[in-house]
Amino acid sequence: MSIRVIGIGDNVVDKYLHSGMMYPGGNALNFSVYAKQAGASSAFMGAFGNDDAAKHIQDVLHKLQIDITHCRHYEGENGYACIRLNNGDREFVTSNKNGVLREHPFTLTADDLRYIASFDLVHTSINGYLETELEKIKQKNSMLSFDFSGRGTDEYFARVCPWVDYAFISCSGTSPDETKEKITKLYQYGCRHIIATCGHERVYYFSAGGFLDWTPQYIEPVDTLGAGDAFLTGFMLSIIQSGMAEPDRERVLCAMQAGGKSAANVLSDYGAFGFGKPY
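The paragraphs below set out a description of the structure included in this document. Along each chain, residue indices are assigned from 1 in the same order as the chain's sequence is written. Totals for whole chains, interfaces and linings use every residue, but because this is a predicted model, local features are given only for residues with pLDDT of at least 70 and side-chain atom pairs only at 80 or more, for both listing and counting. Just so you know, side-chain values use all the structure's heavy atoms and leave hydrogens and water out.

Topic: the overall build of the protein
Strands are runs of DSSP state E lasting at least two residues, helices are runs of H or I lasting at least four, and both sets are numbered from the N terminus onward. Along its length, the protein carries nine helices and 14 strands. The dimensions of the protein, computed from C-alpha atoms along their principal axes, are 50 × 45 × 40 Å. Across the protein, the fraction of contacts at a sequence separation of at least 24, relative to all contacts at a separation of at least 6, is 66%. The charge count includes Lys and Arg as positive and Asp and Glu as negative, but it does not include His or the ends of the chains. Note on charges: their place is set at NZ of Lys, CZ of Arg, CG of Asp or CD of Glu. With 25 positive and 33 negative side-chain charges, the protein shows a spacing of 3 Å between the two charge centroids. Only heavy atoms enter the contact rule, under which two residues are in contact if any of them lie within 4.5 Å.

Thoughts on the environment of F273
Along the chain, F273 falls in the loop between α9 (249–264) and β14 (277–278). Residues F273 and G210, spaced 63 residues apart in sequence, show a C-alpha to C-alpha distance of 34 Å. Leave out the neighbours within four places in its chain, and F273 touches P24, L29, N30, V33, Y34, Q37, V60 and L64.

Observations regarding the sheet that holds strand β13 (residues 210–214)
DSSP bridges decide pairing: two strands pair if at least two such bridges lie between them. Here nine strands make up an open sheet; going across it, the order is β5-β4-β1-β8-β9-β10-β11-β12-β13 and the pairing mixed. Edge positions in the open sheet fall to β5 (72–73) and β13, since each of these has one partner strand only. Relative to strand β9 (residues 143–149), strand β8 (residues 121–125) runs parallel, the two sharing five bridges. Bridging across to β9, L121 finds its partner in M143.

Quick notes on the packing of helix α8 (residues 227–242) against α9
Taken N-terminus to C-terminus, the directions of α8 and α9 make an angle of 140°; their axes are 7 Å apart at the nearest point. Accordingly, the angle class assigned to the pair α8 and α9 is oblique. Note that α8 runs across α9; the crossing there is right-handed. The residues of α9 that touch α8, namely those facing A227, A230, F231, G234, F235, S238, I239 and S242, are R251, V252, C254, A255, M256, A258, G259, G260, S262 and A263. Of the residues assigned to the contact of α8 with α9, the class counts are eleven nonpolar, six polar and one charged. Angles here are taken between N-to-C directions and fall from 0 to 180 degrees, while the axes themselves are lines fitted to C-alpha atoms, restricted in helices to the stretch in contact. Orientation is classified from the angle alone, with under 35 degrees giving roughly parallel, over 145 giving roughly antiparallel, 65 to 115 giving roughly perpendicular, and any other angle giving oblique. By convention, the crossing between two helices is left-handed when the near helix turns anticlockwise from the far helix through less than a right angle, and right-handed when the turn is clockwise. Following the grouping adopted for this structure description, the nonpolar residues are Ala, Val, Leu, Ile, Met, Phe, Trp, Tyr, Cys and Pro, the charged ones are Asp, Glu, Lys and Arg, and the polar ones are all others, Gly among them.

A closer look at helix α2 (residues 52–63)
Each full turn of the α-helix corresponds to 3.6 residues, which orients residues three or four apart in the same direction. A helix is expected to reach a length of 1.5 Å times the quantity of its residues less one. Relative to the 16 Å expected for twelve residues at 1.5 Å per residue, α2 spans 17 Å between its end C-alpha atoms, a close match to the ideal helical length. Taken as a whole, α2 has its buried residues at A53, A54, H56, I57, Q58, V60 and L61. Where α2 is buried, its residues touch β2 (12–16), β3 (21–25), α1 (27–37), β4 (41–48), β5 and β14. Backbone geometry just downstream of α2 places Q65 in the positive-phi region, at approximately 60°. Exposure is judged per residue with a 1.4 Å probe applied to protein chains only, and the accessible area is read against the type maximum: over 50% gives exposed, under 20% gives buried, and values in between give partly exposed.

Digging into the pattern of salt bridges
In what follows, salt bridge is the name for a side-chain nitrogen of Lys or Arg lying within 4 Å of a carboxyl oxygen of Asp or Glu. With the rule as written, the count across this model stands at nine salt bridges. E91 is paired through a salt bridge with R84; the nearest N and O atoms lie 3.3 Å apart. Taking relative accessible area as the criterion, R84 reaches 44% and is therefore assigned partly exposed. Across the salt bridge formed by E246 and R192, the nearest N and O atoms sit 2.2 Å from each other. In this pair, E246 is assigned in the loop between α8 and α9 and R192 in the loop between α7 (176–189) and β11 (193–198), connecting sequence segments 54 residues apart. Look at R192 and you get partly exposed, because its relative accessible area is 35%. Salt bridges here are not isolated pairs; linked through shared partners, they connect K138, D165, R192 and E246.

Just distances and angles here, no functional claims.
As structure tokens, this is what we get:
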């Protein structure tokens, strides 16, 4: 039986300033696409504007056969981010902070929640504006993963962490001690499993069983955009496939390796998963 997963939250086009090309992206959208490419049954639930960017993303998702039947549609500008590449490392220059999704955050209906409950895993992020709805999702016994990126206040963590099974944080350029401090804070606020990625240098994992770390193999990137999202997708699919409610150290290491393999697959081309179009 196929694993069923859904990404809820942000979709954007990433506009590359050096080439004039835009590519579909966004944390929740990337998760849905990478999961589909890995063989899972995948859906995406977000908010689309009515501009060329929104049309391009929807056309791509139809081609990839990703279910978008529960998405919202609004008049206005779809999410976008402007990207600059520095020796293959993506840098975010500016964005419209997710466009219509920011203007119309989700209020999940009873129908939405029945639909969401049919999935094995729900993934969202700090860019999804979904913090008020997480408790409703967890009441349906869905496994929930959440990407905090590198952001969040104590007040935000207090609202979000109690509902999160697997939390992901980006700690590039952060010392090991500072990284462990951030991990410990999320755990104390209620996240059960925390994974901190430090670029290509190291990945840390923490749960009630203690700390674990893993060093991925370095690959010279063409474009790092999407690598973190691909890592978390590979990691989570591996965890679900294990069938273990509380994975042991061996299972976590396998999930880290699966995440690393998934991330490596996106480093050799532009955009999170291709499908570029001039803007």
